[in-house]
Amino acid sequence: MARYIIKRLVYAVLTLFVLITLVFFMMRMLPGDPFLGEKAISPTALANMNAKYGLDKPVFIQYLMYMGNCLKGDLGVSITYNRPVMEIVAESFLVSADLGIRALIFAVIAGILLGAIAAIKRGTFVDSLSMFVAMIGVSVPSFILGAVFQYFLGLQLRKMLGMNIFPIQGWGTFKHTLLPAFALGLGSLATVSRLMRTSMLDVLSSDYIKTARSKGLSQGQIMWRHALRNAVMPVVTIMGPTVASVLTGTFVIESIFNIPGLGKYFVTSIKDLDYTMIGGTVVFYGALLIICTLVVDLLYGFIDPRVKLEE
Amino acid sequence: MKNRLFAWLLCLVMLLTASVAVAEVNPNAGLGYYPGTSTPGSIAVECSTMSVMNTIDMTYNTELGIARHTQDCLVKLSPVDNQIVPAAAESWESSADGLTWTFKIRPGMKWVNSNGEVVGDVTAHDFVFAWSELLNPVNACEYFNFAAVFKNAQAYYDYASGVEGAPEVTIDQVGFKAVDDLTLVCELENVLPYFLQYVKFEVMSPIYEPFYTEVGAENYATSPDTALYCGPFYMTEWVLENKIVTKKNPHWWDAANVSLDQIEWIKYVDSNAKMNAFQGGEVDLIDVTGEQREMFGAEGFTVSNYIGGYSFYLYCAIDNPDRDISNLNLRKAISYALDREQLINTVFKNDSEPSPTFALGISGVNTETFSEAVLAANGGERLYPVNSDEAKAKEYFAKALEELGKTADQIDVTFMVSEGTQNELYNQVMQEQLRKVLGIEAKIEVLTITEARARRNAHNYDLFAGGWGPDYNDPMTDLDLWTTTNGNNHTGYSSAAYDELIEKAKVETDMVAREQIFVECEKLIAEDMPIIPIYWRHEDYVVSEKMAEGYARLPFQSYNLIYTKLAD
């Protein structure tokens, strides 16, 4: 077990190393210059700006310096915001993660329940209804859901009732989290419930369930002790990437609800050619993704003893 | 229909009143449509950029707009008539030769922190220190050139930057000195009739040295509590790329006339979300698009508009003879073929005007605007047409074809476009207009903004839509762009006659004669056409009924909300 974890950690570091290297050189190949604004800068001023961010040195030296700093946990100073990248990422990640966890809790609990019920009540109205909800979640992108929620539940409901139930945009109070978490979570909810339904149907027709029934266990006990625990495996599998993507925020939901999360920096840093910020967001996202996948692999072993972690 | 007509009439009235420049009075006061935010004494306004709050590092109009509320420069612009009024300087005088300026700092001005507590006095030393930091190459300030007007400042900057062969100059030799706590003496390198326009620029705000050294240059103004404030408001909260909260500074010298308690500056990414927020009473002032303007108009809610001074045009890369666009007659044919009015109505759907001349937002010496002086000198004729003038366009086009030895279908012209829906539409309409009038199949090439700028700076394009906003109220801010050596002249235009005119203007002290030189510059641009001026931008915004009056949006003052009065 320990050997397995160490091995995976070494792989993780190697993956990160390759990722940083690729991103570093790829972003240098993007056309343009981070200081290329609407108005021109005198050559002396430009040289000073390049010197300030270490861009006056040969690219390979910059790469070595960047790698060295990364090892020390220093992702540099953002060219656009003139403050440490770590600070910006940390601040905005807390917001994205806060929203993401809410969305995830909603998606997982509601998704598992919906999927399980659909499987148990297979072929009934309840099944069709829950799969209809899942279909909407899968097929309607979150930015449309977000905009629709904002317009109808935020603006129109307020106009109708004359009171502020769901804030239209912003961040800070519990109320502010409701609509974005719902919009963000619905997609994952749909995936979870569909996976859950399929796997639950499989499990329900397996022999050990029949054995359990013949033992005379109650329906509740069968579902809770035998069916759910086994059926939840595929859901756990997709949790790794889902957690990473939900936690780091989404550009669209954060834009629509004006939430100060990490999502926008993935887009704006590339547009602004803010090298340090591009690097910082990629390293952070990469590390998080790798950790989440590792955690999920480990979780596997705990949930299903048949899975062996050693090769 | 009646409602709409009424709205348009109201717009017209608003426009006329705006043109005599009074601080705004809300055109929708008491209508009961959009009452605005609910917190008493506070307003929330949209602000599109707020990346940095260290005044010496600022470059964006809107960032400068926030600094206008949190810092006091030596002078400010009045929200009533956009004229220079005293701010941190109580009074000033200049020597007979115009090279030495002495400012008397207002006694009793205070520095406050993010809790509104007094930290120290504002003195002449704070200006000297801020300007020294602006010129410090280590800080790499983009707008250092605002401080480069002082005697020896450019020489100091070059020397300190390690420019080869630059003679040694120390910061003490630069032309600004605090004679005592309340007297600041400035010496200029050249006569600058518009010097006060420079010191009103928020990049030139003072900085309190003891505090700056305490927090460290790299941390200064990266959060509310790492900066100090001497303006009408102070910052209490800053969520990066999201919002900034400023509260009334009770220690400001004119605080008695400030009735607002708080301004919240919000950055929106999504235009529909912003609209929902306005309609739902979560924000009091937002910029609106042409479509949104129509929607408000249909409701009978008046949309306000202002001129920020931005003039838009097509850059033409004219210095490469292999490019067809280097042919003057082709550029003239294009200018006459474009239907500027149709372009505005199709793309922007607002009050933006087809440019009659190039420079916008600049005052004239004896006329209200500089543009009027140009038109007067041109016999009242516009330099660029409103609608397409097919006859003239074809006449110039025939000459161009003859000179180039090509037929119409061989003409190779490409619009280089930076991505964005509106931008692409803007260029597509022009493409279509050229096809219709000249029979040219112009191409469109869409690039990211950074790549487009790189290609523009390398003169590697045919036509590229760009714009320019003035930094100070003098034609020089627009017209020195097209001199041979100006870093913003991305056209390759190099005219000895033009360069000479600008040099003449730099030393001419008679204001009327000087203005005439600039008029000649405008005419020369129209003649040589390194750029094809297209439109003058009018920017639309709506204000909730909460803001009754006293706010202003004018050239050089994207926002002036200091004296906003709220509805009861």
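All values reported here derive from a predicted model rather than from experimental measurement.

Asker: Help me get a handle on the overall build of chain B, residues and values and all.
Answerer: Looking only at helices and strands, chain B has 17 helices and 25 strands in total. Computed over its C-alpha atoms, the radius of gyration of chain B comes to 25 Å, within 12% of the 24 Å expected for a compact globule of 568 residues. The dimensions of chain B, computed from C-alpha atoms along their principal axes, are 75 × 65 × 40 Å. The proportion of buried residues among the 568 residues of chain B is 58%.

Asker: Which residues make up the overall build of chain A, and what values go with them?
Answerer: Counting its secondary structure elements, chain A contains 13 helices and zero strands. What you see in chain A, going N to C, is helices and strands ordered as α-α-α-α-α-α-α-α-α-α-α-α-α. Projected onto its principal axes, the C-alpha coordinates of chain A cover approximately 85 × 60 × 30 Å. When each of the 311 residues of chain A is scored for burial, the buried share is 47%.

Asker: Hey, could you go over a nonpolar patch on the surface for me, with residue numbers and the actual values?
Answerer: Residue and element names in this part refer to chain A. There is a patch of nonpolar side chains on the surface, built from I101, I105, I109, L113, I117, F125, V126, L129, F132, V133, M135 and I136 and spanning about 1100 Å² of accessible area. Residue assignment for the nonpolar patch shows that the elements contributing at least two residues are α4 (85-120) and α5 (125-139). Top element by residues in the nonpolar patch is α5. It accounts for seven residues. Position of M135 among the secondary structure elements: in helix α5. Residue classification places M135 among the partly exposed positions, given a relative accessible area of 46%.

Asker: How would you explain helix α7 (residues 271-279) of chain B if you had to name every residue and give the values?
Answerer: Buried residues dominate α7 of chain B, accounting for seven of its nine residues. Considered for burial, the residues of α7 of chain B that qualify are A273, K274, M275, N276, A277, F278 and Q279 of chain B. The secondary structure elements touched by the buried residues of α7 of chain B are α6 (142-161) and α11 (251-256) of chain A together with β1 (42-46), β13 (285-287), α8 (290-299) and β21 (539-543) of chain B. Just downstream of α7 of chain B lies G281 of chain B, where phi reads positive at about 75 degrees.

Asker: With reference to specific residues and values, describe the nonpolar core.
Answerer: Counting 238 residues, the largest nonpolar core has W131, F150 and F195 of chain B as its most contacted members. Counting 16 residues, the second-largest nonpolar core is a separate cluster that includes Y34, A44, F278 and V283 of chain B.

Asker: Could you give an account of the pairing of strand β11 (residues 243-248) of chain B, naming the residues involved and the relevant values?
Answerer: All names here are of chain B. Note: strand β10 (residues 233-239) against β11, six bridges, orientation antiparallel. The residue of β11 that forms the bridge with W238 is I244. Joining the antiparallel neighbours β10 and β11 is a turn of three residues, in which E241 adopts a positive phi near 60 degrees. The pairing of β11 with strand β12 (residues 262-266) spans five bridges and is classified as antiparallel. Each residue of the ladder has a partner; that of T246, found in β12, is I263.

Asker: Give me the lowdown on empty space enclosed by the protein, citing residues and values where you can.
Answerer: All names here are of chain B. Inspection of the entire model under this criterion finds six cavities of 30 Å³ or more. What lines the second largest cavity is a set of 15 residues, among which M53, T55, T70, Q71 and Y229 lie closest to the centre. Residue composition of the lining of the second largest cavity, grouped by class: 11 nonpolar, four polar and no charged.

Asker: Mind laying out the pattern of salt bridges, listing which residues take part and the relevant values?
Answerer: A side chain with one charge can pair with a side chain of the opposite charge if their charged atoms come near. Under the counting rule described, the total for this entry stands at 28 salt bridges over all chains. Ionic pairing is found between R158 of chain A and E282 of chain B, a salt bridge with its closest N-O pair at 2.8 Å. Of the two residues, R158 of chain A is situated in helix α6 and E282 of chain B in the loop between α7 and β13; the pairing between them involves two chains. The closest approach of N and O atoms between K394 of chain B and E390 of chain B, which form a salt bridge, is 3.4 Å. A residue pair is termed a helical-turn pair when its members lie 3 or 4 positions apart in one helix, as K394 of chain B and E390 of chain B do in helix α12 (residues 390-404) at four residues. Using a relative accessible area of 43% as the deciding quantity, one classes K394 of chain B as partly exposed. Here the salt bridges share partners, and the residues they tie into one network are E237, K243 and E264 of chain B.

Asker: Which residues make up unusual backbone geometry, and what are the values?
Answerer: Positive phi, normally seen in glycine, also occurs at L273 of chain A, with a value near 55 degrees. Along the chain, L273 of chain A falls in the loop between α12 (263-272) and α13 (275-303). Relative accessible area serves as the criterion here: at 1%, L273 of chain A is assigned to the buried category. For A221 of chain B, which is not glycine, the phi torsion reads 60 degrees and is therefore positive. The class of A221 of chain B is buried, set by a relative accessible area of 4%.

Asker: Could you give an account of the interface of chain B and chain A, with specific residues and numbers?
Answerer: Opposite the 45 residues of chain B that make contact, chain A presents 37 residues. Between chain B and chain A, roughly 3600 Å² of surface is buried when both sides are summed, and carbon and sulfur atoms account for 51% of that area. Inspection of the chain B/chain A interface yields one salt bridge. Summed over the shared surface of chain B and chain A, the result is 13 residue pairs in polar contact (both at pLDDT 80 or more). Those elements giving two or more residues to the side of chain B that touches chain A turn out to be α4 (153-160), β10, α7, α14 (449-457) and β19 (463-468) of chain B. Partitioned by chemical class, the residues of the side of chain B that touches chain A number 19 nonpolar, 14 polar and 12 charged.

Asker: I'd like a rundown of the sheet that holds strand β4 (residues 89-94) of chain B, residues and numbers included.
Answerer: Within a sheet, adjacent strands bond to each other through the backbone by hydrogen bonds, running parallel or antiparallel. All names here are of chain B. If you trace the four strands from one edge of the open sheet to the other, you get β4-β5-β9-β8, paired in antiparallel fashion. Where the open sheet ends on each side, the last strands, each with one partner, are β4 and β8 (176-180). Sheet twist, expressed as the mean angle between neighbouring strand axes with direction ignored, is 20 degrees. The pairing of strand β5 (residues 100-105) with strand β9 (residues 183-187) spans five bridges and is antiparallel. Bridge pairing links T100 to E187 in β9. Against the sheet, helix α3 (residues 124-134) makes contact with β5, β8 and β9, and its axis sits at roughly 160 degrees relative to β8, the strand it touches most.

Asker: Could you give an account of the pairing of strand β18 (residues 443-447) of chain B, naming the residues involved and the relevant values?
Answerer: Residue and element names in this part refer to chain B. By the bridge criterion, five bridges tie strand β17 (residues 414-418) to β18 in an arrangement that is parallel. Across the sheet, S418 pairs through a bridge with L447, a residue of β18. You can see the chain leave β17, run along helix α13 (residues 421-438) and come back into β18, and the turn it takes is right-handed.

Asker: Outline the state of the cysteines, supporting the account with residue identities and numerical values.
Answerer: Counted under the stated rule, the structure contains zero disulfides over all chains. C292 of chain A provides the cysteine sulfur closest to C70 of chain A, a residue in no disulfide bond, and the two sulfurs are 19 Å apart. Taking relative accessible area as the criterion, C70 of chain A reaches 17% and is therefore assigned buried. Left unpaired, C186 of chain B is separated from the closest cysteine sulfur, that of C73 of chain B, by 12 Å.

Asker: I'd love a proper account of the layout of surface pockets, names of residues and values included.
Answerer: Quantified by volume, the second largest pocket comes out at close to 1400 Å³. Surrounding the second largest pocket, 44 residues form its lining, N145, Y198, D480, N486 and G487 of chain B being those nearest its centre. Mapped by element, the contributors of at least two residues to the lining of the second largest pocket are α2 (43-52) of chain A together with α14, α15 (476-479) and α16 (496-507) of chain B. Partitioning the lining of the second largest pocket into residue classes produces 21 nonpolar, 12 polar and 11 charged.

Asker: Kindly report on the packing of α4 of chain A against α13 of chain A, identifying the contributing residues and their values.
Answerer: Residues and elements named next belong to chain A. α13 packs onto α4 with a crossing angle of 50 degrees between their chain directions and a minimal axis gap of 10 Å. With respect to each other, α4 and α13 are oriented oblique. In this structure, α4 crosses over α13, and the sense of that crossing is right-handed. Here V85, I88, V89 and F93 of α4 lie close against α13, whose contacting residues are T276, M277, G280, F284 and L288. The residue makeup of the contact of α4 with α13, split by class, is seven nonpolar, two polar and no charged.

Each value, and the rule that gives it
Residues numbered from 1 in each chain as written. Chains lettered and ligands numbered in written order. Predicted model: local features only at pLDDT ≥ 70, side-chain atom pairs only at ≥ 80, totals over all residues. Heavy atoms only, no water. Helix = DSSP H or I, 4+ residues; strand = E, 2+ residues; numbered from the N terminus. Rg over C-alpha atoms; globule rule 2.2 N^0.38 Å. Buried < 20%, exposed > 50% of the residue type's maximum accessible area, 1.4 Å probe, protein only. Patch = residues over 30% accessible without salt bridge, like charges linked within 9 Å, V, L, I, M, F, W, Y side chains within 5 Å. Areas by Shrake-Rupley, 256 points an atom, 1.4 Å probe, with all protein chains shown as cover. Salt bridge = Lys/Arg side-chain N within 4 Å of Asp/Glu carboxyl O. Contact = heavy atoms within 4.5 Å. Core = buried A, V, L, I, M, F, W, Y, C linked by side-chain atoms within 4.5 Å. Pairing = 2+ DSSP bridges. 1 Å grid on protein atoms, 1.4 Å probe; cavity = no way out; pocket = protein on both sides within 12 Å on 5 of 7 lines; lining within 4 Å. Points joined across faces, edges and corners; volume = space filled by probe spheres on them. Nonpolar A, V, L, I, M, F, W, Y, C, P; charged D, E, K, R; others polar. Buried area = accessible area lost by both parts, 1.4 Å probe. Polar contact = N/O pair within 3.5 Å; in protein donor to acceptor, adjacent residues only side chain to side chain. Axes fitted to C-alpha atoms, helices over the stretch in contact; angles between N-to-C directions. Right-handed = clockwise from strand over helix to strand, strands pointing away. Disulfide = S-S within 2.5 Å. Parallel < 35°, antiparallel > 145°, perpendicular 65-115°, else oblique. Left-handed = near helix turned anticlockwise from the far one by under 90°.

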